[in-house]
2 protein chains.
Amino acid sequence: MLKDFVCEKRPSDEEISARLETAREELNKRQMAIKEKKLPVLVLFDGWGGAGKGSVLGKVIKNLDPRFYKTEVLSSPTEEELRRPFLYRYFVRIPEGGKFSFFDDSWMSEITQKYLKEEIDTDEYKRELTSIKRFERQLSDNGYLVIKFFLQIDKKEQSKRLEALEDSKDTNWRVGKWDKWENKHYKECMEIYDDYIEATNQFIAPWYIIDSKNRKWAELQITELMVKSIDIALENHGRAATLLQNTFALEERPLLQDIDLNKTISEEEYQVRLKELQDKLSKLHNRLYRKKVPVIIAYEGWDAAGKGGNIKRLTAALDPRGFEVHPIASPEPAEKNRHYLWRFWKRLPKDGHVAIFDRTWYGRVMVERLEGFCSENDWQRAYNEINEFEKELSDWGAIVIKFWVQIDKDTQLERFTARQNTPEKQWKITDEDWRNREKWDDYEVAINEMIQKTSTVFAPWYVLESNDKHYARIKALEIVVDALEKKLY
Amino acid sequence: MLKDFVCEKRPSDEEISARLETAREELNKRQMAIKEKKLPVLVLFDGWGGAGKGSVLGKVIKNLDPRFYKTEVLSSPTEEELRRPFLYRYFVRIPEGGKFSFFDDSWMSEITQKYLKEEIDTDEYKRELTSIKRFERQLSDNGYLVIKFFLQIDKKEQSKRLEALEDSKDTNWRVGKWDKWENKHYKECMEIYDDYIEATNQFIAPWYIIDSKNRKWAELQITELMVKSIDIALENHGRAATLLQNTFALEERPLLQDIDLNKTISEEEYQVRLKELQDKLSKLHNRLYRKKVPVIIAYEGWDAAGKGGNIKRLTAALDPRGFEVHPIASPEPAEKNRHYLWRFWKRLPKDGHVAIFDRTWYGRVMVERLEGFCSENDWQRAYNEINEFEKELSDWGAIVIKFWVQIDKDTQLERFTARQNTPEKQWKITDEDWRNREKWDDYEVAINEMIQKTSTVFAPWYVLESNDKHYARIKALEIVVDALEKKLY
């Protein structure tokens, strides 16, 4: 693509000036439309060092109201960021609905540089390409507009510009080691950029190669393309996205109604096993900290199923410096205005740490589905989106364990009544719990569908039979210990 | 993907038999659902020689009612097919709504073999990958389900199977030269297959790698995946597809209302120029026949604008063995039940030939748009789909010329009235013409949008000012002669 890209022929300077004026006005008008429709817009500026990313970006945003955009200058990842999945630092920076985010250098620069510097091998490079394709498609499916610009100049022009920048004391800081390396190895870089652009040139987020020899012409191309892209995105706004075929290998799981809930454990055995398992877990926690393995444990289950107590038995064995429990309630406005997985990406642990989620991203296909907090298309799409999310975690090296804490309807009633009648437990039971209980059957349908569609080989569901809470706690500990041992030894 | 594909672990023989019975029943049931919803399903079987494509396919269709499917065995292209764009032979074979088409070897086999045999270079290979991605996405956007299977066996297994086939007189015809070459160069082939699969592993038409060491297990995987894919496609059925951003460089064209229709030519000059241009065209026609350049000329214009007479002046200069005029009326049922471009793909000329279309695929964004014969999403998507179609023609080496024959509303009225009042011309005027005339303003909006969005650098629109028909004819001839000269000299 880079080698033979076709773009409009550069018009005369007068024509550029005239068209630029119109285009700027048009882009300016689009701000309000974006705000009104709550369209989030992500604009990526990649390209050769010295191609003018910064200065063109500066000109584009001059037209915009500062309340409507954010710029993100993404140079090398920080220590903190390196301890998370490589997409983490990008995902946490996605804009909220109604706003622009401009990225000066995107994930493209990061992974092509890593690849060129041989910090990652071909397999890892390809894996990251797949992640990127999923990421961009998820954004688009969730209503984001993603516009990708690559600012193109040839080798000669690049070296001329870098020299000019270096010659002046005011600008020589802008020429880094990488820029010089890139110019020296222009052809080699070109090959990789070309490969990257071809691989990620998705229909829903295509690349635009910008002829950047002339700055004003570059600004014009970008401004006009932004206007056109926004218009199409506004047409698409609110349109249901295509459901995708599942391509992840799944593990078979029984339906809730087929689960035997009579499993119990004696008080004595419980105490013995609890001690044993907690001791083991405690040691494993040290080891995973040293080996920098991240662990993500997700808890879902019926109200009063015993999630809280179950989690406590886990955390009791963990070093408090190495884990965090995230209780998940309904989303804040800033969360609601973004991709629904954003708040979970933000809460990902550092490597070597354990994150326990008390309720999770699966809210999308349970409460949000049943209460109509998202559209049918949204929750139908979510199974695949969640599988992709968990694949990302697993590829990063994380252990992902998902527990469904199961009780029957009678047991729930007993526990609700007990809570109601015990003053110090009354805070644990609300009207909402009773309302949810009325929807038991609908929930059961949704939960079965969820478990069937998201028990992937890399992030399977485990059902904890919790009519006997002790039994459920031991089972959870066993599963966690087992998964850690498998990974760590 | 091939190297490290993960699929479900092969179950026991008993389990395979039991699941297969269920899966076959389920697939059988899906036939009626497909028929009811008029869902067209395209199933591609690719994979290693000897992997059992034919025999597994044979088993899968045993379950189906023969009225509901067609199998297409696509070995090497015929002479006739080689003279058309490489996708031609596949496009003309797409199923109609409500039916399956099974392809034993698809476009994958064709292009990977050509590439491995070094019949095409890397640039051509990549170009064809892009075409394939567009083709599959267009099918999906237009309501097709595309399921892609790659039957995987390892080198040893392949060589074992090929030997077994060769050992028997009944089957040794099934082992071709290619199969042996493939086995000998297994690793090299694997690299290319892998590259192809990765490049074309689109979200809307993903690849499924089928572990094919055991035939029954292969059949089970395929049958279950077909059932799941169909269920998702039925959910998607009728859902509007995402509009794509335009990535083709466009040429600027004036709006209809800004066109000067007072252009004329004297009778004398007309006769002189006509003769000159037709002589030139006649010679060029011979040359393009020798050089095997295909030419596609598309005519659109207002009723009574003079398309017919204009076309006649072109064809008068052409050798009748080397051109065809295709008058396009409303589609037949078999055409209506397929991708709307199908009937135009079917009418593509051989290389070295000229095809003239009297009305075209642009009906989608004019009459079909205005009469509601397709959905809003359909015609909005069509601009890009048509640009992609014409890019395909242009990449194939075709000259693509598109004429809009323009007159003003008064001139149309004059001509209508004249037709009405001239007995031998009365057949040329119908009630429909008068009804269309009432929608002049709506048509003008649609035509302007069409010309603005589909005047690509590789297939631009030319407006023929046809208040003076002579002027329009000379202009058309000039444009055609000019385009041919540029390409042929």
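Caption draft 1: Spatial organisation of unusual backbone geometry. Residues and elements named next belong to chain A. Not every positive phi belongs to a glycine, and glutamate 118 is a case in point at roughly 60°. Position of glutamate 118 among the secondary structure elements: in the loop between helix H5 (107-116) and helix H6 (122-141). Residue glutamate 118 is classed as exposed on the basis of its relative accessible area, which comes to 70%. One non-glycine residue, lysine 292, lies in the positive phi region at around 60°. Residue position: lysine 292 is located in the loop between helix H11 (267-291) and strand S6 (295-301). Among the residues examined, lysine 292 registers a relative accessible area of 44% and is labelled partly exposed.

Caption draft 2: Geometry of helix H9 (residues 186-199) of chain B. Residue and element names in this part refer to chain B. Taking 1.5 Å per residue, 14 residues should reach 20 Å; H9 reaches 20 Å between its end C-alpha atoms and fits that length. Buried within H9 we find Tyr186, Cys189, Met190, Ile192, Tyr193, Asp194, Tyr196 and Ile197. Where H9 is buried, its residues touch helix H5 (107-116), helix H6 (122-141), strand S4 (145-152), helix H7 (155-167), helix H8 (177-184) and strand S5 (207-211).

Caption draft 3: Spotlight on the nonpolar core. Residue and element names in this part refer to chain A. Counting 141 residues, the largest nonpolar core has Phe100, Phe102 and Phe149 as its most contacted members. Tallying contributions element by element places helix H20 (residues 469-488) first for this core, with nine residues. Three or more residues apiece are contributed to this core by two domains, here domain 1 (13-236) and domain 2 (256-488). In this view, phenylalanine 102 contacts Val43, Phe45, Leu57, Val60, Ile61, Leu64, Tyr69, Lys70, Thr71, Glu72 and Met226; residues no more than four positions away in its chain are not counted.

Caption draft 4: Geometry of the environment of glutamate 110 of chain A. Residue and element names in this part refer to chain A. By the element assignment, glutamate 110 lies in helix H5. Exposure remark for glutamate 110: the relative accessible area of 12% places this residue in the buried category. For the pair formed by glutamate 110 and phenylalanine 403, sequence separation is 293 residues and the distance between their alpha carbons is 35 Å. Aside from chain neighbours lying at most four places away, what touches glutamate 110 is Pro77, Phe86, Arg89 and Tyr90.

Caption draft 5: View of the relation of the copies chain A and chain B. With an RMSD of 0.0 Å, the fit of chain A onto chain B corresponds to turning through 180° and sliding 0.0 Å along the axis. Expressed as an axis order, the relation between the two copies is that of a two-fold axis. Both copies present the same face, since 100% of the interface residues in chain A are matched by interface residues at the equivalent positions in chain B.

Caption draft 6: A look at the domain arrangement of chain A. Residues and elements named next belong to chain A. Domain annotation of chain A identifies domain 1 (13-236) and domain 2 (256-488). Using only C-alpha atoms to locate each centre, domain 1 and domain 2 end up separated by 39 Å. Contacts between the two partners involve 24 residues from domain 1, matched on the other side by 25 residues from domain 2. A combined buried area of about 2,300 Å² lies between domain 1 and domain 2, and 47% of that area is made up of carbon and sulfur atoms. The largest share of the area that domain 1 buries against domain 2 comes from Arg83, Pro85 and Phe91, three residues that together contribute 29% of it. In this structure, the connection of domain 1 to domain 2 is made through six salt bridges. Looking at the side of domain 1 that touches domain 2 element by element, the count peaks at seven residues for H6. For the side of domain 1 that touches domain 2, the per-class residue count stands at ten nonpolar, four polar and ten charged.

Caption draft 7: View of the sheet that holds strand S7 (residues 323-327) of chain A. Residue and element names in this part refer to chain A. Here we have five strands laid out as an open sheet, ordered S7-S8-S6-S9-S10, and parallel in their pairing. With one partner strand each, in any of the chains shown, S7 and strand S10 (461-465) form the two edges of the open sheet. Averaged over all pairs of adjacent strands, the angle between strand axes in this sheet comes to 20°, irrespective of strand direction. Inspection of the sheet shows strand S9 (residues 399-406) paired to S10 by five bridges, in the parallel sense. Within the sheet, the bridge partner assigned to valine 405 lies in S10 and is leucine 464.

Scoring rules and cut-offs
Residues numbered from 1 in each chain as written. Chains lettered and ligands numbered in written order. Predicted model: local features only at pLDDT ≥ 70, side-chain atom pairs only at ≥ 80, totals over all residues. Heavy atoms only, no water. Helix = DSSP H or I, 4+ residues; strand = E, 2+ residues; numbered from the N terminus. Buried < 20%, exposed > 50% of the residue type's maximum accessible area, 1.4 Å probe, protein only. Expected span 1.5 Å × (residues − 1). Contact = heavy atoms within 4.5 Å. Core = buried A, V, L, I, M, F, W, Y, C linked by side-chain atoms within 4.5 Å. Domains from an automatic or database assignment. Least-squares fit on C-alpha atoms with pLDDT ≥ 70 in both. Buried area = accessible area lost by both parts, 1.4 Å probe. Salt bridge = Lys/Arg side-chain N within 4 Å of Asp/Glu carboxyl O. Nonpolar A, V, L, I, M, F, W, Y, C, P; charged D, E, K, R; others polar. Pairing = 2+ DSSP bridges. Axes fitted to C-alpha atoms, helices over the stretch in contact; angles between N-to-C directions.

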